[in-house]
Amino acid sequence: MNVSDNFDQQELHNFNQHAQTWWDTEGEFGALHKINPLRLEFMQRHVSLSGQTILDIGCGGGILSESMAKLGANVTGIDLAEDVLNVAKLHSLDAGVELDYQLISAEDHAQQHPEHYDVVTCMEMLEHVPNPQAIIKAATHATRPGGYVFFSTLNRTTKSYLLGVLAAEYVLNLVPKGTHQHDKFIKPSELSEMARGAGLTLIDSAGIDFNPLFKHYALSHNLDINYLMAFQKLD
C-alpha cells in the first residue's frame, strides 16, 4: 500500500488509544453519536443517500459510515488509524451492516478510484492532518461530476477554543483530552477557498449548536464552533 505522508502519527496514536470506546454512546466519543443525526439531516437536504455510492474519508469507528449504509447507501470507509478501523469492521459485522472498510489514505484511494463516487464525506478530520487542502483535492478527485462533497470541521475562533477545546475536553469530557489543537482549526472562509481551488462549488453551510447541560444538539446558522459545508462538483 502506497500511503501518503499527510498524517500526524501522534493524532493516529491518540485515536487508536481510545478505539475500544468508539461505540460507547455515553463515553468519550458520545458527542459524535449525538451530532451524527445532524450530519445526516444536513446531507439529506441536498441528496437522498439511498442507492448512492459514498466514500467516507476519515471514517474512524464507522458511526457515520454505518448510518449511511443503513439508509441504503453503498459505503466505503477509509482511515489510517488501524485499531479504530478494526473496531469499525467488527461493529459492522455485529450489526449486520454491509460496507467496505479500507486502511488507505484519501490521496491514494482517490488516485485508484477517480470520479467514482456520487457522494464523498469527510467529517471532523481536516483539523487533524498536516495538509487539509490535499484531502480536499483528493475528495474532489474521487467525486463524479455532479456529485456532492460534505465536510465538517471546527472554526478557529476564541469561542471554539473555549468551548470546543477547554470545555469539551477538560471540563465536560465530551471528547478525549488532547483531541484538538486550536491552531489547526479552519475558518469557513478558508475551507470554502480551498474547496473552490479544488473545483468545488459551495451550496450550503450550517453550524452545530449544542447545550451539554440538556444534551441538546441542533443545526443552526452559527458557524462559530462546529460547522458543516456542502459542495457540488459541477460538470
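What you see is a predicted model, and the numbers here were worked out from it, not measured in a lab.

Overview of the pairing of strand β1 (residues 53-57)
Here β1 lies mainly inside the structure; 5 of its 5 residues are buried. Here β1 shows a buried face lined by T53, L55 and I57 and a second buried face lined by I54 and D56. The pairing of β1 with strand β2 (residues 74-79) spans 5 bridges and is classified as parallel. Residue pairing in the sheet places T53 in a bridge with N74 of β2. The parallel pair β1 and β2, bridged by helix α3 (residues 63-70), forms a crossover whose chirality is right-handed. Taken together, the 4 bridges between β1 and strand β4 (residues 117-123) define a ladder with parallel strand orientation. In the strand pairing of β4, D56 is matched with T121.

Section: the packing of helix α2 (residues 30-43) against α3
Axis separation between α2 and α3 bottoms out at 10 Å; the angle between their running directions is 45°. By the angle between their axes, α2 is oblique relative to α3. Between α2 and α3 lies a crossing whose hand is right-handed. Between α2, through L32, H33, N36, R39, L40 and M43, and α3, the contact on the second element is made entirely by I63, L64, S67 and M68. By residue class, the composition of the contact of α2 with α3 is 6 nonpolar, 3 polar and 1 charged.

Cut-offs used in this document
- Residues numbered from 1 in each chain as written.
- Predicted model: local features only at pLDDT ≥ 70, side-chain atom pairs only at ≥ 80, totals over all residues.
- Heavy atoms only, no water.
- Buried < 20%, exposed > 50% of the residue type's maximum accessible area, 1.4 Å probe, protein only.
- Helix = DSSP H or I, 4+ residues; strand = E, 2+ residues; numbered from the N terminus.
- Pairing = 2+ DSSP bridges.
- Right-handed = clockwise from strand over helix to strand, strands pointing away.
- Axes fitted to C-alpha atoms, helices over the stretch in contact; angles between N-to-C directions.
- Parallel < 35°, antiparallel > 145°, perpendicular 65-115°, else oblique.
- Left-handed = near helix turned anticlockwise from the far one by under 90°.
- Contact = heavy atoms within 4.5 Å.
- Nonpolar A, V, L, I, M, F, W, Y, C, P; charged D, E, K, R; others polar.

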